[in-house]
Protein chains: 2
Amino acid sequence: MNKNLKRMATMQNMQKTGLELFYTKGYYNTSIDDILKELSLSKGAFYYHFSSKEDFFIEIVQNLLARKVYSLLIEPIEGHENPFELITNCFEDALETAVHNEMDFGFILGNFISEFNGRNPKIMKHLNDVLKIWEVNLVSTLQRGKFNGYIDRHTDSEAVAVFLISSFLGIRTMMVETAPSALKYRFMHQIKVYFKAIEAKKENV
Amino acid sequence: MNKNLKRMATMQNMQKTGLELFYTKGYYNTSIDDILKELSLSKGAFYYHFSSKEDFFIEIVQNLLARKVYSLLIEPIEGHENPFELITNCFEDALETAVHNEMDFGFILGNFISEFNGRNPKIMKHLNDVLKIWEVNLVSTLQRGKFNGYIDRHTDSEAVAVFLISSFLGIRTMMVETAPSALKYRFMHQIKVYFKAIEAKKENV
DNA sequence: ATAGTAACAAACTAGGTGGTCGGTTTATAT
DNA sequence: ATATAAACCGACCACCTAGTTTGTTACTAT
């Protein structure tokens with residue numbers, strides 16, 4: 001096999017199982033040996049490709065987390081259609097993966113932010129960068145929605161974006177144990193109630 | 001000094017600094033020695049009073065966390081006044097302590113839930129109990145609000161409670177790094193927008 | 001005064017942790 | 001075929017962890 005391909009494959013395997021284990025067990029609670037055991041690889045292989053556990057994690061954030069957040073939470077709401085529908089569908093999909101206990105990258109992001117807060121500023125910076133990208137793009141979508149006449153023009157897009165992200169991160173925290181499906185249903189309903197409050201008032205059509 | 005008093009004092013000191021360190025550094029990332037060093041006590045003292053690190057933490061949840069959640073997030077919204085004002089003021093106060101980087105017990109709860117999710121079912125049960133108590137009491141307040149004519153009677157109180165808690169937990173996650181004061185302001189504004197959407201429609205007063 | 005015991009101290013165990021390093025395999029270029 | 005370097009192995013190190021054990025105070029009831 002081509003050496004370069006092998007290198008890429010090994011590194012990607014490590015990053016993939018690394019993310020899975022960091023997500024399910026937590027960063028500090030997952031040892032490098034845990035990851036290597038899963039792949040039947042040795043310490044030597046790990047430290048040949050990565051310089052430290054911290055750097056390894058940062059590469060995971062940039063190569064896997066950031067891209068997934070982009071493709072699952074940002075791209076789907078980029079159109080010029082009704083922003084309420086775009087965002088609703090996007091959240092609906094994300095929470096549905098959560099109900100099925102699959103990896104939901106918005107939640108993973110929030111989880112890591114909790115874990116590293118006040119403990120590792122370097123990693124926190126990278127996580128906050130991803131969060132910021134999500135926020136900025138949500139603001140864009142909302143501004144576009146105002147421009148296209150869907151959203152009341154007095155609405156504070158920044159505030160709405162913050163509110164949406166925070167409620168999403170929060171509901172995911174709550175969904176971890178008790179009846180996720182019921183929680184999702186209730187949450188989505190209230191999101192729609194909220195959207196009604198900020199939609200453009202049609203002055204007698 | 002009375003021996004019983006001394007016992008109580010030592011245990012409470014351990015629990016207090018224990019909670020502070022678990023909160024700031026995380027449970028798995030805080031060793032018992034860390035706590036003991038802070039108090040200039042020895043391992044012998046710890047294992048004389050507590051049977052394990054896990055039991056120690058559970059006692060903290062019940063003795064400190066649960067009580068604080070009750071006195072800071074439940075009691076303040078128990079009156080018969082306008083529930084929107086009660087909840088708004090309560091969140092306002094809680095987020096203000098967050099801005100000043102003091103311990104906000106709603107957030108601590110959400111943080112621990114993230115940390116123990118999927119890692120320690122026994123501890124998770126105790127944390128979920130506290131969360132459930134908060135939720136149940138929020139529902140009571142909302143129902144009372146409907147009864148007293150403040151909240152639209154078609155409103156799903158359970159869903160609103162879930163939505164409020166999730167958004168609160170989420171905004172606290174976001175406040176950990178970037179401009180907490182601005183986030184708080186934006187968040188509180190959108191909470192009010194949301195409340196407007198579920199308040200009782202006054203049919204020509 | 002003294003016996004008993006609560007409340008600690010301090011050294012220790014057994015098992016992990018991130019990280020290092022000399023050596024071995026495997027693919028590729030010549 | 002052979003030289004070379006990439007990719008990987010696995011023993012090892014220093015350190016840290018929760019938890020145990022054995023001793024030493026200091027108070028307190030009698």
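Located above this text is the structure these notes cover.
In short, a report on the structure. Please read these numbers as outputs of a predicted model, since none were measured by experiment. (Residues numbered from 1 in each chain as written. Chains lettered and ligands numbered in written order. Predicted model: local features only at pLDDT ≥ 70, side-chain atom pairs only at ≥ 80, totals over all residues. Heavy atoms only, no water.)

1. Observations regarding the packing of aromatic side chains
Here is step 1: Per the counting criterion, the structure on display carries 43 aromatic pairs over all chains.
Here is step 2: Ring centres of Phe163(A) and Phe187(B) lie 5.5 Å apart, and the angle between their planes is 45 degrees; on these two criteria the pair is classed as tilted. Of the two residues, Phe163(A) sits in helix 8 (residues 157-174) while Phe187(B) sits in helix 9 (residues 180-198), which places them in two different chains. Side by side, Phe163(A) and Phe187(B) carry an identical accessibility label, which is buried.
Here is step 3: Put simply, the rings of Phe22(A), Tyr27(A), Tyr28(A), Phe46(A), Tyr47(A), Phe50(A), Phe56(A), Phe57(A), Phe112(A) and Phe116(A) touch in pairs and so form one group of aromatic residues.
Here is step 4: The ring centre of Phe107(A) lies 4.0 Å from the NZ or CZ of Arg172(A), which sits over that ring. (Phe/Tyr/Trp six-rings, centres within 6.5 Å; stacked < 30°, edge-to-face > 60°. Helix = DSSP H or I, 4+ residues; strand = E, 2+ residues; numbered from the N terminus. Buried < 20%, exposed > 50% of the residue type's maximum accessible area, 1.4 Å probe, protein only. Lys NZ or Arg CZ within 6 Å of the ring centre and 35° of its normal.)

2. Some thoughts on the packing of helix 5 (residues 83-99) of chain A against helix 9 (residues 180-198) of chain A
Residues and elements named next belong to chain A.
Here is step 1: As a packed pair, helix 5 and helix 9 sit with axes 10 Å apart at the nearest point and diverge in direction by 170 degrees. Taken together, helix 5 and helix 9 sit at an angle that is classed as roughly antiparallel. Classified by chirality, the crossing of helix 9 by helix 5 is right-handed. Between helix 5, through Phe 84, Ile 87, Thr 88, Phe 91, Glu 92, Leu 95, Glu 96 and Val 99, and helix 9, the contact on the second element is made entirely by Pro 180, Ser 181, Lys 184, Phe 187, Met 188, Lys 192, Phe 195 and Ile 198.
Here is step 2: Partitioned by chemical class, the residues of the contact of helix 5 with helix 9 number 10 nonpolar, two polar and four charged. (Axes fitted to C-alpha atoms, helices over the stretch in contact; angles between N-to-C directions. Parallel < 35°, antiparallel > 145°, perpendicular 65-115°, else oblique. Left-handed = near helix turned anticlockwise from the far one by under 90°. Contact = heavy atoms within 4.5 Å. Nonpolar A, V, L, I, M, F, W, Y, C, P; charged D, E, K, R; others polar.)

3. Structural notes on the interface of chain B and chain A
Here is step 1: In this complex, chain B contributes 43 residues to the contact, which on the side of chain A involves 42 residues.
Here is step 2: Between chain B and chain A, a total of about 3700 Å² is buried, with carbon and sulfur atoms accounting for 66% of that surface.
Here is step 3: Contact with chain A buries surface across chain B, with Phe163(B), Met174(B) and Gln190(B) losing the most and accounting together for 17% of the total.
Here is step 4: Across the chain B-chain A interface, the total number found is two salt bridges.
Here is step 5: We note a salt bridge from Arg186(A) to Glu158(B), for which the minimum N-O separation is 3.8 Å. (Buried area = accessible area lost by both parts, 1.4 Å probe. Salt bridge = Lys/Arg side-chain N within 4 Å of Asp/Glu carboxyl O.)

4. Digging into helix 9 of chain B
Here is step 1: For helix 9 of chain B, built from 19 residues, the straight-helix expectation of 27 Å at 1.5 Å per residue is met to within 8% by its first-to-last C-alpha distance of 27 Å.
Here is step 2: All of the buried residues in helix 9 of chain B are Leu183(B), Lys184(B), Phe187(B), Met188(B), Gln190(B), Ile191(B), Val193(B), Tyr194(B), Phe195(B) and Ile198(B).
Here is step 3: In this structure, the buried side of helix 9 of chain B is in contact with helix 8 and helix 9 of chain A together with helix 5 (83-99) and helix 8 (157-174) of chain B. (Expected span 1.5 Å × (residues − 1).)

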